[in-house]
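Okay, here's what each chain looks like letter by letter:
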Amino acid sequence: HILSTTRYPFRSPTTGEITKYNWKELYLKRESENEAERKAAHEALIATNKKNRDTLFVIYKNLVKSHQQQAKNEGHSSYFERQCFEIGVSDKDVERVLGVTVDNSAIIRRFFRYKTEVLSKEKLDNYDLVVSVNGDMHDLELGSNLETVLNSFAEFSPQFALEAKRVITEGHLRTKDL
């Protein structure tokens, strides 16, 4: 696979030294607490993939065609349906989860506003999206949003909702109002 064999030149923002990393190693640098390192890793990924874009396009185009044909050969209407079947989830359930996500996008936007604040930025950059936030999550109030999320989980799968409630009651989710 081209992404796993490509070596990405990464210039350390602290030393200026260039080291070549594979995709996974460089992607992990995008999770660094150091903003300059996150940005440099992001730029290295983009620049190298941009150089390889024609090759990547051909590879992914052929991969998509192959997956679509494989799905049809197995009697599925789409590759998406085949993947859902393979993991034992109805494609309708996935569509429902996507719909709930869209319907509750205010919760997601609120999290990213919180993340922007914790990172002390006016606006998140692409390289900020994957970084973990180590701020005080107790400042992130869920309020009625928690019930909305749990109800959405229950619509998707009652078992999934029970597991989510267990995570909350065991104290694995830290919020102001729990």
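Above this text sits the structure in question.
Anyway, here's the lowdown on the structure attached to this text. (Residues numbered from 1 in each chain as written. Predicted model: local features only at pLDDT ≥ 70, side-chain atom pairs only at ≥ 80, totals over all residues. Heavy atoms only, no water.)

## Considering the pairing of strand 2 (residues 18-21)
In terms of strand pairing, strand 1 (residues 8-11) meets strand 2 through four bridges, oriented antiparallel. Paired with Pro9 across the strands is Lys20, a residue of strand 2. Hairpin connection, strand 1 to strand 2: the antiparallel pair is bridged by six residues, and Gly16 has positive phi, about 80 degrees. (Pairing = 2+ DSSP bridges. Helix = DSSP H or I, 4+ residues; strand = E, 2+ residues; numbered from the N terminus.)

## Observations concerning the side chain of His42
Within the fold, His42 resides in helix 3 (residues 35-51). The contact partners of His42, leaving out residues within four places of it in the chain, are Arg30, Asn126 and Tyr127. (Contact = heavy atoms within 4.5 Å.)

## As for the packing of aromatic side chains
Within the structure shown, the criterion is met by five aromatic pairs. A ring pair is formed by Trp23 and Tyr27, whose centres lie 4.9 Å apart and whose planes are at 20 degrees; its orientation type is stacked. Note that Trp23 and Tyr27 are positioned in helix 2 (residues 23-29) at a spacing of four residues, about one turn of the helix. Clustering of aromatic rings is evident, with ring pairs tying together Phe111, Phe112 and Tyr114. (Phe/Tyr/Trp six-rings, centres within 6.5 Å; stacked < 30°, edge-to-face > 60°.)

## So, a nonpolar patch on the surface
A contiguous nonpolar surface patch, about 220 Å² in accessible area, is contributed by Ile59, Tyr60 and Leu63. Note that Ile59 resides in helix 4 (residues 53-73). Classification of Ile59 by relative accessible area gives partly exposed; the value is 34%. (Patch = residues over 30% accessible without salt bridge, like charges linked within 9 Å, V, L, I, M, F, W, Y side chains within 5 Å. Areas by Shrake-Rupley, 256 points an atom, 1.4 Å probe, with all protein chains shown as cover. Salt bridge = Lys/Arg side-chain N within 4 Å of Asp/Glu carboxyl O. Buried < 20%, exposed > 50% of the residue type's maximum accessible area, 1.4 Å probe, protein only.)

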